Amino acid sequence: MKHNAIAAAICGTACMATLLSSCDKEKTISLPDKLESSKWESFSIEQPDRLVISSLEFRDATHADYTVTTYDVDENSYADRDKVIGQTKTEYTYTYRKPAITMTPTGEGPALNGSIENFSDYNLMTLKTADGKTFFSAKEGAFFHDWK
């Protein structure tokens, strides 16, 4: 039951964001010239009472942090930001040659290669491990992030 409520809340938020952004027809999304100062996030629900947020934050022109945070879901089916169950962080150096991205961990973690694909109202970043498995995938666009 909690799983359905969480999914409904997240889908409702995404639909509302889509409706609000669709009113602004003048906004055009293109591939970013740089990733610096951008943050890409994706989420998943594990078990009925755990929300996992994966984020990739590009700190500067060559350094990024990949963070996975697991939150407990409260009795109202909302992720409680004060109830962090676990968090892991991997630091990377990266190169971005539009649209290709290459990421090398500075410590433990997989090397990643991928790209950003442009759609009419968002960009999709997909990063894969050496064996071709998708490691991270996230959308950014008119209703997700304004590129600088």
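What counts as what
Residues numbered from 1 in each chain as written. Predicted model: local features only at pLDDT ≥ 70, side-chain atom pairs only at ≥ 80, totals over all residues. Heavy atoms only, no water. Helix = DSSP H or I, 4+ residues; strand = E, 2+ residues; numbered from the N terminus. Polar contact = N/O pair within 3.5 Å; in protein donor to acceptor, adjacent residues only side chain to side chain. pLDDT = per-residue confidence, 0-100. Contact = heavy atoms within 4.5 Å. Core = buried A, V, L, I, M, F, W, Y, C linked by side-chain atoms within 4.5 Å. Buried < 20%, exposed > 50% of the residue type's maximum accessible area, 1.4 Å probe, protein only. Phe/Tyr/Trp six-rings, centres within 6.5 Å; stacked < 30°, edge-to-face > 60°.

A. Just the side chain of Asn123, in detail. Among the secondary structure elements, Asn123 is positioned in strand E7 (residues 122-128). A distance of 3.0 Å separates a polar side-chain atom of Asn123 from the backbone oxygen of Ser30. Among the polar contacts listed, one links the side chain of Asn123 to the side chain of Asn118, at a separation of 2.8 Å.

B. Main features of the confidence of the model for the protein chain. Overall, the prediction assigns the protein chain a mean pLDDT of 81, with 72% of residues at 70 or greater. Confidence, read as mean pLDDT per element, is least for helix H1 (residues 2-22) in the protein chain (46) and greatest for strand E5 (residues 100-105) (98). Of the regions scoring below 50 in pLDDT, residues 1-5 engages in eight contacts with residues more than four places distant in sequence or in other chains. Considering only residues more than four positions removed or in separate chains, one finds that residues 142-148, a stretch of pLDDT under 50, has 20 contacts.

C. Structural context of the nonpolar core. Among the nonpolar cores identified, the biggest contains 19 residues, and Leu35, Leu56, Phe58, Met103 and Met125 are the most heavily contacted of them. If you list the elements that add at least two residues to this core, you get strand E2 (50-58), strand E3 (63-73), strand E4 (79-97), E5, strand E6 (112-118), E7 and strand E8 (134-141). For Met103, the residues in contact, after removing those within four places along its chain, are Leu56, Phe58, Ala64, Tyr92, Thr93, Tyr94, Ala111, Leu112 and Leu127.

D. Up close: the packing of aromatic side chains. Taken as a whole and judged by the stated rule, the model has four aromatic pairs. For the ring pair Phe58 and Tyr94, a centre distance of 4.8 Å and an interplane angle of 75° mean the geometry is edge-to-face. Of this pair, Phe58 sits in strand E2 while Tyr94 sits in strand E4; the two residues are 36 residues apart in sequence, bridging distant segments of the chain. With relative accessibility at 4%, the residue Tyr94 sits in the buried group.

E. Local environment of unusual backbone geometry. Lys98 connects to Pro99 through a cis peptide bond whose omega is 5°. Secondary-structure assignment places Pro99 in the loop between E4 and E5. Positive phi, normally seen in glycine, also occurs at Ser37, with a value near 70°. Residue position: Ser37 is located in the loop between H1 and strand E1 (39-46).

F. Just the side chain of Thr69, in detail. Examined against the element boundaries, Thr69 turns out to sit in strand E3. Here Thr69 falls in the buried class, since its relative accessible area comes to 6%. Among the polar contacts made by the side chain of Thr69, one reaches the side chain of Gln87 at a distance of 2.7 Å.

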